[in-house]
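The chain contents come next:
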Amino acid sequence: MFTGIVSDIGHIRSVETRGDTRVVVATAYDTATVDLGASISCSGVCLTVVDKSGPGGPQWFAVDVSGETLSRTAQGQWSEGKRLNLERALKVGDELGGHIVTGHVDGVGDVVGVCPEGDSRRIGIRLPRELAPFIAPKGSVTVDGVSLTVNEVRDGDDGTHFSINVIPHTQAMTTLGELEAGQAVNIEIDVLARYLQRMEAYRARKTD
């Protein structure tokens, strides 16, 4: 489990294609405190640490990205030099600063527009149709691993769009300040919305 509060921006040092895709990520984390087998959210994707740097050198960790994950996450994300929003797994007793995030991407959205609002940036994102029922104004959503509040939702002929505001602090501490129209982003819906939808579907089936 995660909270969607990014604690480091890493960058991909290398990508090696084998059975899965081995991705090595440079980080500011002290990898002496990162166990092999630990979970780290990489731009919203929960991945397992399979190797890491030793003492005395640059800090890095390695993860294996499956073909399934590659097919269900933003294209181009797993490329050498790409910057990733990193978050270590939630520990019991940690502050829940964002919302409950699982690190399981539900779909890929497309940035349709970015415009300044004061010092903030308003970002519009088009959703896959199957995710539209799970996004509501003032609800929570995770974009590239960042916990955000939905400002506005609009259903149109070209699909459902929602907007978020990214304040200067979030721009500086995550990759969201770099987003431009046309980019793909990883979307995870609020886990509470997922359970409510399941309950509603089950109730409707029982009453048929």
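Residues numbered from 1 in each chain as written. Predicted model: local features only at pLDDT ≥ 70, side-chain atom pairs only at ≥ 80, totals over all residues. Heavy atoms only, no water.

Asker: I'd like to hear about the sheet that holds strand S11 (residues 152-156), residue by residue, with values.
Answerer: Taken together, the 7 strands give an open sheet; going across it, the order is S10-S9-S13-S7-S8-S12-S11, and neighbouring strands pair in antiparallel fashion. Bordering the open sheet on either side are strand S10 (146-149) and S11, each of which pairs with just one other strand. Within the sheet, the average angular offset between the axes of one strand and its neighbour, ignoring direction, is 35°. As paired elements, strand S9 (residues 140-143) and S10 share 4 bridges and run antiparallel to each other. (Pairing = 2+ DSSP bridges. Helix = DSSP H or I, 4+ residues; strand = E, 2+ residues; numbered from the N terminus. Axes fitted to C-alpha atoms, helices over the stretch in contact; angles between N-to-C directions.)

Asker: Explain the nonpolar core residue by residue, including any values.
Answerer: Among the nonpolar cores identified, the biggest contains 22 residues, and Ile 125, Val 141, Val 143, Phe 162, Ile 164 and Ile 187 are the most heavily contacted of them. Once residues lying within four places of it in the same chain are set aside, the contact partners of Ile 187 are Val 105, Asp 106, Gly 107, Val 108, Gly 109, Ile 125, Leu 127, Leu 131, Val 141, Thr 142, Val 143 and Phe 162. Counting 16 residues, the second-largest nonpolar core is a separate cluster that includes Ile 40, Cys 42, Val 49 and Val 63. (Core = buried A, V, L, I, M, F, W, Y, C linked by side-chain atoms within 4.5 Å. Buried < 20%, exposed > 50% of the residue type's maximum accessible area, 1.4 Å probe, protein only. Contact = heavy atoms within 4.5 Å.)

Asker: Outline the side chain of Thr 175, supporting the account with residue identities and numerical values.
Answerer: Along the chain, Thr 175 turns up in the loop between helix H2 (168-173) and strand S13 (184-189). The class for Thr 175 is buried, based on a relative accessible area of 7%. Apart from the residues within four sequence positions on either side, Thr 175 is in contact with Ile 9, Arg 83, Leu 84 and Asn 85.

Asker: Can you break down the pairing of strand S4 (residues 45-52) residue by residue, with the values?
Answerer: Pairing between strand S3 (residues 39-42) and S4: 4 bridges, direction antiparallel. Along S4, the bridge assignment pairs Cys 42 with Val 45.

Asker: Would you mind going over the sheet that holds strand S5 (residues 60-65) in detail, with residue names and values included?
Answerer: Through backbone hydrogen bonds, the strands of a sheet pair up, either in parallel or in antiparallel fashion. With antiparallel pairing, 6 strands are arranged side by side around a closed barrel as S1-S2-S5-S4-S3-S6. Taking the axes of each pair of neighbouring strands and ignoring which way they run, one obtains an average angle of 45° across the sheet.

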